[in-house]
Amino acid sequence: MVVVGAGVSGALIAEALSEAGLKTVIVDRRGPAEGSTAASTAMLQYELDTPLALMAERIGREKAERIWRRSRQSVEALRERTERLGLAVDGATRGSIYLDGNVLDAEGLAREADARRRAGFEVELLKPAAVLDRYGIKGRHALLGFGNYSADPRRLTAGYLNVALTRGARLYSPVDICDIAPTGEGVTLVSARGPSIRARHVVMATGYEMMKGIPRKGNKIISSWSIATRPQPRAIWPTAAMIWEAADPYLYIRTTPRGEIICGGEDEEIGNAALRDAKLPDKAATLSRKLAALLPGVDAEPAYSWAGSFGDSPVGTPTIGRIPGMPNCYAAMGYGGNGITFSMMAAQMLRSLICGYGDPDADLVSFHRSF
């Protein structure tokens, strides 16, 4: 069993496969926890970028509700598994404050509340006066959600990789896989330096950097920018809930256990790393300005700033499962803003598919789905 990619997706998948008793090898062209994993703000939400009410209009209520519920289960499973394995990842359970914006206005936010309640989610809808009183945010309606999670993405990745390694998995880097030759009996992976690897199955967990020949399923590359402030625990709002907007582009904010504020957003469809990084100074200044305007009681001056890229899909859902026309080959791709949540979903689903007992929600994210 070969997992290509040693970021958070590959780590979660490799750990799940190693627990199932599969002899697992992990390879990465960079090294563990690099690439987009290191750039993640690790807001591990079940709430998808596409609101439930809007997703229901696009793909049908039944499918939309199933995807949202599975997303919630994935967050819960990641939190529970991380705690059970005893991993120190700066994990914290947090609620969310979803603010009205140009995607959902006040009426749209109310419709979204109804859609979530109908699907079985616990929510609370607040008017501007209550939002100001509770959180110090002026002039915004808000929809509160509960039970999300945050963690340090590099510690999370290292923790899961180490668990897999203790079970006998092996990790090799840098190994740049440049070609895959699948057959009905197995898969041969060819590295750029020449050596080959033969395996019964392969999982491509390379994020947005997918090899040629693998269907994109409408995925595109999005770049995002982030800042982190100095520690300021006394300035953190009550409950330290995650804050994000029903807007495009949207702002997203979380805290760390030490009281730093992480703020990101300003997403653009940019796949070129040099062009993305050249925008960092201006994007960091914009994020700082928006953070200060939204939360005037905090110090919004960036202590750190960074940029990253990720795959996105038309409705904000991932693609997970068997790769068409490539026997014994699987992929996890197109994660959007719920990257690590979907990484856990992929780990659960791929373990089930490879072990032969299937997954009840595989049709929602397969390469063969109709949306």
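As a reminder, the structure under discussion sits directly above these lines.
Fair warning: this is a prediction, and the values are worked out from it, not measured in the lab.

Moving on, we get to the sheet that holds strand β7 (residues 170–172). Read across the sheet, 6 strands follow the order β7-β2-β1-β11-β18-β17 without closing on themselves; strand pairing throughout is mixed. In the strand order of this sheet, the two ends are held by β7 and β17 (319–322), each with one partner. In this sheet, neighbouring strand axes are inclined to one another by 15 degrees on average, regardless of whether the strands run parallel or antiparallel. One ladder, built from 3 bridges, connects strand β1 (residues 2–4) with strand β2 (residues 25–27); its direction is parallel. Within the sheet, the bridge partner assigned to Val 4 lies in β2 and is Val 27. Those strands touched by helix α1 (residues 8–19) are β1, β2, β11 (202–204) and β18 (329–333), and its axis lies near 170 degrees from that of β1. Those strands touched by helix α10 (residues 339–355) are β11, β17 and β18, and its axis lies near 15 degrees from that of β17.

Okay, the pattern of salt bridges next. What the rule picks out here adds up to 28 salt bridges. Here Asp 361 ties to Arg 70 by a salt bridge, and the two come within 3.0 Å at their closest N and O atoms. Taken together, the positions of Asp 361 in the segment after α10 and Arg 70 in helix α4 (residues 61–84) put the pair 291 residues apart, joining distant regions of the chain. Across the pair, Arg 70 and Asp 361 agree in class, each one buried. A salt bridge links Glu 268 to Lys 283; the nearest nitrogen and oxygen atoms lie 2.6 Å apart. Of this pair, Glu 268 sits in strand β15 (residues 261–268) while Lys 283 sits in helix α9 (residues 280–294), and the two are 15 residues apart along the sequence. The network of salt bridges with common partners includes Glu 15, Glu 19, Arg 81, Arg 84, Arg 167 and Arg 351.

Rules behind the numbers
Residues numbered from 1 in each chain as written. Predicted model: local features only at pLDDT ≥ 70, side-chain atom pairs only at ≥ 80, totals over all residues. Heavy atoms only, no water. Pairing = 2+ DSSP bridges. Helix = DSSP H or I, 4+ residues; strand = E, 2+ residues; numbered from the N terminus. Axes fitted to C-alpha atoms, helices over the stretch in contact; angles between N-to-C directions. Contact = heavy atoms within 4.5 Å. Salt bridge = Lys/Arg side-chain N within 4 Å of Asp/Glu carboxyl O. Buried < 20%, exposed > 50% of the residue type's maximum accessible area, 1.4 Å probe, protein only.

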